[in-house]
Amino acid sequence: MFKIVEKRDWHPLICEMWIEAPRVAKKHRPGQFVILRLHEKGERIPLTVVDKKPEEGLIRIIFQKVGKTTFELGSFNPGDSLADVVGPLGRPTHIENYGTVVGIGGGVGIAPLYPILKGMKEAGNKLITILGARNKDLLILEDEVKAISDEVIVTTDDGSYGKKGFVTDALKELIDAGTKIDQVVAIGPAIMMKFVVKTLEPYNIPCIVSLNAMMLDGTGMCGVCRVTIGDEVKFVCVDGPEFDGYKVDFDELMSRLTIYVEEEKIALERFKKAHPEIFAGVE
Amino acid sequence: MAEEKKKKGLNLNRVDMPRQDPKERIKNFNEVALGYTEEMAIAEAQRCIQCKKPFCVEGCPAEVKIPEFIALIVEGKFIEASRKIKETNALPAICGRVCPQEEQCEEKCILNKKGAPVAIGRLERFVADYEAKMGVVEKPEMAPPSGKRVAVIGSGPGGLTVAADLAVMGHEVVVFEALHKPGGVLVYGIPEFRLPKVIVEREVDYIKSLGVKFECDVVVGRTVTIDDLMEKEGFDAVFIGVGAGAPVFMGIPGETLKGVYSANEFLTRNNLMKAYLFPEYDTPIKVGKKVAVIGGGNVAMDAVRTALRLGADEAHIVYRRTRAEMPARAEEIENAEEEGVIFNFLVNPVEIIGDENGWVKGMKCIRMELGEPDASGRRRPVPIPGSEFIMDVDTVVVAIGTQANPVIQRTTPGLEVNKWGYIVADPETCKTTKKGVFAGGDIIRGAATVILAVGDGKKAARAIDHYLKTGEW
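Residues numbered from 1 in each chain as written. Chains lettered and ligands numbered in written order. Predicted model: local features only at pLDDT ≥ 70, side-chain atom pairs only at ≥ 80, totals over all residues. Heavy atoms only, no water.

Chemist: An account of the interface of chain B and chain A is needed here, citing residue identities and associated values.
Modeler: Each side of the interface is counted separately: chain B has 46 residues, and chain A has 48 residues. Roughly 3900 Å² is buried in total at the junction of chain B and chain A, and carbon and sulfur atoms are behind 51% of that figure. Broken down residue by residue, the surface that chain B buries against chain A is led by B:Arg222, B:Thr256 and B:Asp282, which jointly contribute 19%. Seen at the junction of chain B and chain A, the total is seven salt bridges. For B:Glu280, the salt bridge goes to A:Lys41, with nearest N and O atoms at 2.7 Å. Seen at the junction of chain B and chain A, the total is 25 residue pairs in polar contact (both at pLDDT 80 or more). Elements represented by at least two residues in the side of chain B that touches chain A include exactly strand S5 (246-247), strand S6 (260-262) and helix H14 (263-271) of chain B. Considering each element in turn, the side of chain B that touches chain A owes the most residues, four residues, to H14(B). When the residues that make up the side of chain B that touches chain A are grouped by side-chain class, the tally is 20 nonpolar, 12 polar and 14 charged. (Contact = heavy atoms within 4.5 Å. Buried area = accessible area lost by both parts, 1.4 Å probe. Salt bridge = Lys/Arg side-chain N within 4 Å of Asp/Glu carboxyl O. Polar contact = N/O pair within 3.5 Å; in protein donor to acceptor, adjacent residues only side chain to side chain. Helix = DSSP H or I, 4+ residues; strand = E, 2+ residues; numbered from the N terminus. Nonpolar A, V, L, I, M, F, W, Y, C, P; charged D, E, K, R; others polar.)

This is the structure we're talking about:
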């Protein structure tokens with residue numbers, strides 16, 4: 001069993017936890033994720049490891065409550081245990097000194113981006129970070145990102161904090177201002193990553209993206225996470241999760257993410273009915 | 001004829017095993033075969049003529065003492081019969097169900113020359129189930145502790161066998177499993193209706209009772225490496241029995257459409273994650289009205305029969321050769337036929353066609369004919385030019401085989417693999433090219449059967465025991 005030792009609610013919909021997973025904490029490198037399962041009847045979901053304390057055997061996760069499993073996980077408290085945490089899975093990020101790296105995080109995508117930024121900074125890169133959220137309340141990890149970045153730009157869709165607009169607007173401004181960018185790392189919703197790549201294309205600036213495909217085992221056994229990269233089909237769980245953004249078929253990725261929308265709705269509604277208390281105060 | 005033979009003491013007809021009615025069973029996931037009663041088992045056991053030189057045993061990779069356990073059944077000593085089997089095979093309830101006995105022990109049975117061979121598999125299953133029903137656990141005699149530790153990677157049939165045998169030999173064994181439940185393919189691959197999961201749990205519990213420890217949620221190569229296990233965690237030897245777990249797709253257009261599954265995904269959702277019980281269980285599965293399963297092996301049969309039980313109106317097998325070349329067990333093909341599976345022989349998919357939302361709406365296929373034999377000795381299927389047609393399907397399951405998952409090979413220096421990515425190992429001892437590391441089952445030969453993995457497990461356990469005692473490599 002994998003015990004939750006600490007929990008923080010960033011927002012009614014965004015939750016952070018430190019979980020006992022000594023083997024994962026020992027081996028984890030930036031970019032890698034875990035698969036977790038709450039209990040005997042639970043599904044297996046992938047979540048990126050945001051941070052770790054190997055000496056204490058702890059890993060840190062941050063997640064947004066969107067479906068049955070994430071709402072249920074959010075209802076767990078310190079002292080509760082998860083049935084399973086397995087990892088670290090996927091290939092670690094390739095970290096080197098590129099020169100100037102621009103990190104772009106959208107929504108809870110900021111969570112998986114953070115350990116990569118830390119690695120990039122430690123490797124000697126100049127780090128400019130663009131953080132995007134729907135509104136001020138949904139923005140996470142701003143202080144921690146500021147502590148390691150040379151420059152941080154925040155955008156919100158509704159203008160409640162930072163610049164009003166999308167991360168791509170801020171990126172375009174950076175490019176237009178003549179900023180020399182050697183490498184971009186973008187993590188967020190598939191649609192955001194797609195448009196980041198589109199923005200960069202005319203300037204040929206390389207861009208790494210981390211894909212949030214659906215997964216089952218996470219070990220290369222089932223292939224549900226397959227996505228077309230260039231002219232090859234790759235498995236996000238073992239060949240990724242990071243790929244050259246220019247080669248990713250984002251439309252296919254987004255389409256495959258909708259396979260179980262109906263079932264996800266059924267599961268969530270059923271859970272809401274059984275546990276209205278968990279949803280109190282959530283719009 | 002049979003009557004005449006009976007007078008001479010030979011009964012050429014085996015006792016039928018009751019099965020669920022096909023019309024009923026396609027509505028549930030309960031086991032199809034119901035097993036012998038005590039009377040049936042004794043009657044069937046009496047057919048064994050107790051050959052002086054039992055060929056059946058030669059046909060058994062698990063070296064089960066077949067005539068001896070059958071003789072005990074005749075005497076009604078079912079528990080003793082179970083103990084006899086467990087002297088060499090730790091997984092009788094599983095092997096009795098899923099071994100292809102018709103190609104092994106039963107094929108060699110002397111009665112097979114004149115009539116039906118003794119139903120050895122059914123009898124093995126009977127005694128294992130009888131023992132469970134009585135709530136007794138028969139254990140072989142255990143050797144004193146050797147002080148040596150062995151890590152077994154993978155808890156499928158090969159790993160379980162190695163673990164059990166080594167524990168009996170006195171070694172401390174820890175089994176590492178990547179998924180959240182022990183059993184490997186027995187749990188994620190083979191459906192409930194062919195191998196109920198409580199049976200796998202029972203056999204795993206038995207192996208635990210021998211002192212074997214299980215650690216789930218460990219992906220060796222990622223969570224810990226083989227070198228870590230040997231250098232930091234104090235294991236004296238390692239057995240790799242991770243199977244051939246990576247799915248193979250056809251490489252045709254449309255395979256990333258929604259509604260296309262690998263057989264691994266389709267079966268894992270259902271068997272390991274219990275998607276057939278959604279939403280009580282969280283993992284969903286989506287099956288349309290018309291399902292095509294590509295392939296002709298046991299996995300294809302499992303997938304197509306699962307599709308029927310999940311409510312498909314039509315469940316098709318699409319196979320590029322003919323029935324005669326199908327690698328699936330005859331019994332499974334018959335079960336599928338009885339349940340209403342439609343077989344499309346000499347047909348090969350060339351493209352999966354999607355609708356405007358990215359869902360499968362059809363499959364373009366081409367008709368085949370059999371040409372010259374290929375390397376496997378089977379006649380090679382050759383496409384008939386101009387014979388393309390569209391199959392009206394909304395779900396496609398690709399069950400054309402599996403391949404090696406490379407994660408251990410990539411993270412273990414000194415471990416040699418062949419050009420297909422399988423680990424190079426001595427077929428007699430399961431020794432790899434890395435000292436102290438052994439491998440067996442599908443990861444050394446490619447996808448095969450449970451019993452071959454069990455056979456490797458037995459050989460490996462002997463070789464590991466020898467290595468631990470002598471240090472000789």
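Chemist: Tell me about the side chain of B:Asp228, and name the residues and values.
Modeler: Relative to the assigned elements, B:Asp228 resides in helix H13 (residues 226-231). Polar contacts involving the side chain of B:Asp228 include one to the main-chain amide nitrogen of B:Thr225, which spans 3.0 Å.

Chemist: Can you lay out the domain arrangement of chain A for me, pointing to particular residues and giving the numbers?
Modeler: All names here are of chain A. By domain assignment, chain A separates into domain 1 (2-89) and domain 2 (100-210). Using only C-alpha atoms to locate each centre, domain 1 and domain 2 end up separated by 24 Å. Between domain 1 and domain 2, the residue contacts involve 13 residues of the former and 14 residues of the latter. For the pair domain 1 and domain 2, the summed buried area comes to about 1200 Å², and 67% of that belongs to carbon and sulfur atoms. Across the contact surface, domain 1 and domain 2 share two salt bridges. The residue Arg60 makes a salt bridge to Glu144 at a minimum N-O spacing of 2.8 Å. If you look at where domain 1 meets domain 2, you find two residue pairs in polar contact (both at pLDDT 80 or more). Among the elements of the structure, strand S1 (2-11) and strand S6 (58-64) are those that each provide at least two residues to the side of domain 1 that touches domain 2. Broken down by class, the residue content of the side of domain 1 that touches domain 2 amounts to seven nonpolar, four polar and two charged. (Domains from an automatic or database assignment.)

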